[in-house]
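So you can see what is in the structure, the chains are spelled out below.
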Amino acid sequence: MINFLLKEKSINSIFFLILILYPITNLIYNYFPQELFGVNLYSLFCFGLIYFIFSLILIKNKNLLLFVTIIIFFFLLILMINLHLHENNSNYLKQYEIGLSFFIINTLCFIVINKRNEKTVSTIIILSCLLQALFSINNEFSTHDEITFFNYDDENRQTGFLLNANLFSSFILTGFILNLHISYSFFNNFSDKIIKISIFVILLIALYFSESRFSIYISLVYSIIFIIYQFYKHFNFTKFYTVSLLFIFILTILSIIIYNYIGPINNRVVMGFNDSIRLIKYYLGIKTILLNPLDLLFGMNRELFSQIRILNIRLSDNSIIYLIMYFGLPYTCLLFFSIYYICLKYSVVNVLLVVLLTILICNLFLTGAIFWHVYLLYFSTTLALIFKEKIE
């Protein structure tokens, strides 16, 4: 049995199942509600499969075993010290998986994806993002007088099947970025461009209806950087300089037109990140971390997370501060080092990879993305598809 599971075909099949099923677990739960330990059973099943398939990968890749063992050792060490310092944290034990899950997911994606499955994986990601996007666009123009699964957000922001507008927009953004990079080789050159543009427009509209400032801005900024990078690769310096100036001029004109259109109807998109509540949350988080040197080193009392407030505002929407509060600063640094190490070890390093890793850090800093396993899975998969160096 174990030999069958260790075969590449078996591992690929499980990985495909996770990619297909994870984004729609909330939809399945809506019609067939089942829970285990108070958690959506279908989400828990996908989460368990990630750890299961990762265990199979470790059996096959002995060279990776030592590095993973070191990370898991420090994770367990910090967790035990944290529980010794704050015994009541054991009541929140399942939340502490955030200190390991992203590393597991990222490593899994870079190991599993290869030349034989990259087209299938790319297709799954694009179709999954399109499904969520088309549903949200349709839902935007449907009339719903009450909050239901299909109209979940009380601010009337689109959430797809993910029940969280920021998660939904980050998820769509991964498909948006992947669409810029991949080629739909089963069509001719003209059809390839038409498909790319169509998907580009659909996903951009879905991002707009999510009203997520970060994802909307990043989709536009990354598109600009991607296009300029392509100019740089394919033109000599003089042509690159001329074409870039022309492109920036046209983009500026379009931006002014678009801004004048969306400004009156979508204040959330044009307001930027200058809202004072967000700054208060971050100040509160940093102040809380610095209250006790031991908390800074090993994590703090979990029950204080929601108790410490300023003007009745509590910390939220910052994954990096969350990680420090759960595990302390040293382990948080180790976690990001291990994730970046895997990315750089298996990737072709260029300016676009640096940009995407920067986007990841910014998204973690501005949201609770460390808890969004489906987003972390799709983002890591997208990184591996675009930048993985040695695809056997």
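Reading guide: rules and limits
- Residues numbered from 1 in each chain as written.
- Predicted model: local features only at pLDDT ≥ 70, side-chain atom pairs only at ≥ 80, totals over all residues.
- Heavy atoms only, no water.
- Helix = DSSP H or I, 4+ residues; strand = E, 2+ residues; numbered from the N terminus.
- Contact = heavy atoms within 4.5 Å.
- Areas by Shrake-Rupley, 256 points an atom, 1.4 Å probe, with all protein chains shown as cover.
- Buried < 20%, exposed > 50% of the residue type's maximum accessible area, 1.4 Å probe, protein only.
- Core = buried A, V, L, I, M, F, W, Y, C linked by side-chain atoms within 4.5 Å.
- Phe/Tyr/Trp six-rings, centres within 6.5 Å; stacked < 30°, edge-to-face > 60°.
- Lys NZ or Arg CZ within 6 Å of the ring centre and 35° of its normal.
- Expected span 1.5 Å × (residues − 1).
- Axes fitted to C-alpha atoms, helices over the stretch in contact; angles between N-to-C directions.
- Parallel < 35°, antiparallel > 145°, perpendicular 65-115°, else oblique.
- Left-handed = near helix turned anticlockwise from the far one by under 90°.
- Nonpolar A, V, L, I, M, F, W, Y, C, P; charged D, E, K, R; others polar.
- Patch = residues over 30% accessible without salt bridge, like charges linked within 9 Å, V, L, I, M, F, W, Y side chains within 5 Å.
- Salt bridge = Lys/Arg side-chain N within 4 Å of Asp/Glu carboxyl O.
- pLDDT = per-residue confidence, 0-100.
- Disulfide = S-S within 2.5 Å.
- Polar contact = N/O pair within 3.5 Å; in protein donor to acceptor, adjacent residues only side chain to side chain.

**Concerning the overall build of the chain**
Within the chain, the regular secondary structure consists of 19 helices and two strands. Within the chain, residue pairs in contact and separated by at least 24 positions form 77% of the contacts whose partners lie at least 6 positions apart. On the chain, roughly 19,700 Å² of surface is accessible, and the fraction owed to carbon and sulfur atoms is 68%.

**Overview of the environment of Ala369**
Positionally, Ala369 belongs in the loop between helix H18 (351-366) and helix H19 (373-387). Residue Ala369 is classed as buried on the basis of its relative accessible area of 0%. Note: C-alpha distance between Ala369 and Asn166 (203 residues apart in sequence) is 8.6 Å. Ignoring any residue separated from it by four or fewer positions in sequence, one finds Ala369 in contact with Ser319, Asn363, Leu364, Tyr375 and Leu376.

**What about the nonpolar core?**
Membership of the largest hydrophobic core comes to 110 residues, with the highest contact counts inside it found for Phe15 and Phe103. For Phe15, the contacting residues outside a window of four places in its chain are Ile53, Leu108, Cys109, Val112, Ile113, Val121, Leu377 and Thr381.

**Notes on the packing of aromatic side chains**
For the structure shown, the criterion picks out 20 aromatic pairs. Where Phe135 meets Phe161, the ring centres are 4.6 Å apart and the plane angle is 45°; that geometry is what we call tilted. Here the residue Phe135 occupies a position in helix H7 (residues 118-140), and Phe161 occupies one in the loop between H7 and helix H8 (165-181), the gap between them amounting to 26 residues. Here Phe135 and Phe161 have matching classes, each one buried. Counting every residue linked through ring pairs, the aromatic cluster contains Phe75, Tyr96, Tyr322, Tyr326, Phe327, Tyr331 and Phe371. Over the ring of Tyr92 we find Arg302, and its NZ or CZ is 4.9 Å from the ring centre. If you follow Lys345 out to its NZ or CZ, it ends over the ring of Tyr346, 5.5 Å from the centre.

**Things to note about the side chain of Ser101**
Checked against the element boundaries, Ser101 lands in helix H6 (residues 98-112). Exposure remark for Ser101: the relative accessible area of 1% places this residue in the buried category. When near neighbours in sequence (up to four residues on either side) are disregarded, Ser101 contacts Phe47, Tyr51 and His373.

**A short note on helix H2 (residues 8-21)**
With 14 residues, H2 should cover 20 Å at 1.5 Å per step; its first-to-last C-alpha distance of 20 Å lies within 8% of that length. Turning to H2, its buried residues number three or more, namely Ser10, Ile11, Asn12, Ile14, Phe15, Phe16, Ile18, Leu19 and Leu21.

**A look at the packing of H7 against H8**
Two measures define how a pair of helices packs: the angle their axes make with one another and the distance between the axes. Between H7 and H8, the least distance of the axes is 9 Å, while the angle of their chain directions is 130°. Classified by the angle between their axes, H7 and H8 sit oblique to one another. Seen along the crossing, H7 lies across H8 with a hand that is left-handed. Of the residues in H8, those in contact with Ser122, Ile125, Ile126, Ser128, Cys129, Gln132, Ala133 and Ser136 of H7 are Phe168, Phe171, Ile172, Thr174, Gly175, Leu178 and Asn179. In the contact of H7 with H8, the residues fall into eight nonpolar, seven polar and no charged.

**What about a nonpolar patch on the surface?**
Taken together, the side chains of Leu66, Ile70, Phe73, Phe74, Leu76, Leu77 and Met80 define a hydrophobic patch exposed on the protein surface, amounting to about 670 Å² of accessible area. Turning to its location among the elements, Leu77 is positioned in helix H5 (residues 62-85).

**Notes on unusual backbone geometry**
With phi around 65°, Leu163 is a residue other than glycine that occupies positive phi space. For Leu163, the location among the structural elements is in the loop between H7 and H8. In this model, Glu211 sits at a positive phi of 60°, which is unusual for a non-glycine residue. Relative to the helices and strands, Glu211 resides in the loop between helix H9 (189-210) and helix H10 (213-234).

**What about the confidence of the model for the chain?**
Should the pLDDT be low somewhere, the predicted coordinates at that spot are not to be read in detail. Predicted confidence across the chain gives a mean pLDDT of 83, with 79% of residues reaching 70 or more. Per-element confidence in the chain is highest for H19, whose mean pLDDT is 96, and lowest for helix H12 (residues 267-270), whose mean pLDDT is 53.

**Structural notes on the packing of H2 against H6**
With their axes 11 Å apart at the nearest point, H2 and H6 run at an angle of 130° to one another. Judged on the interaxial angle alone, H6 and H2 are oblique. Every pair of crossing elements has a handedness; the one defined by H2 and H6 is left-handed. Counting all contacts with H2, which are made through Ile11, Asn12 and Phe15, the residues of H6 involved are Leu108, Cys109 and Val112.

**Notes on the state of the cysteines**
Inspection of every chain in the model, using the stated rule, returns zero disulfides. For the unlinked cysteine Cys109, the closest cysteine sulfur is that of Cys343, found at 9.7 Å.

**Some remarks on H8**
Its 17 residues give H8 an end-to-end C-alpha distance of 25 Å, which sits within 8% of 24 Å, the value for a rise of 1.5 Å per residue. The N-cap residue of H8 is Asn164: its side-chain oxygen and the backbone nitrogen of Asn166 are 2.9 Å apart.

**Thoughts on the environment of Glu389**
Inspection of the secondary structure assignment puts Glu389 in the segment after H19. Judged by relative accessible area, Glu389 falls into the partly exposed class, the value being 47%. In this structure, the C-alpha to C-alpha distance between Glu389 and Val348, residues 41 residues apart in sequence, is 5.0 Å. With near-sequence residues (within four places) excluded, Glu389 lies in contact with Tyr346, Ser347 and Val348.

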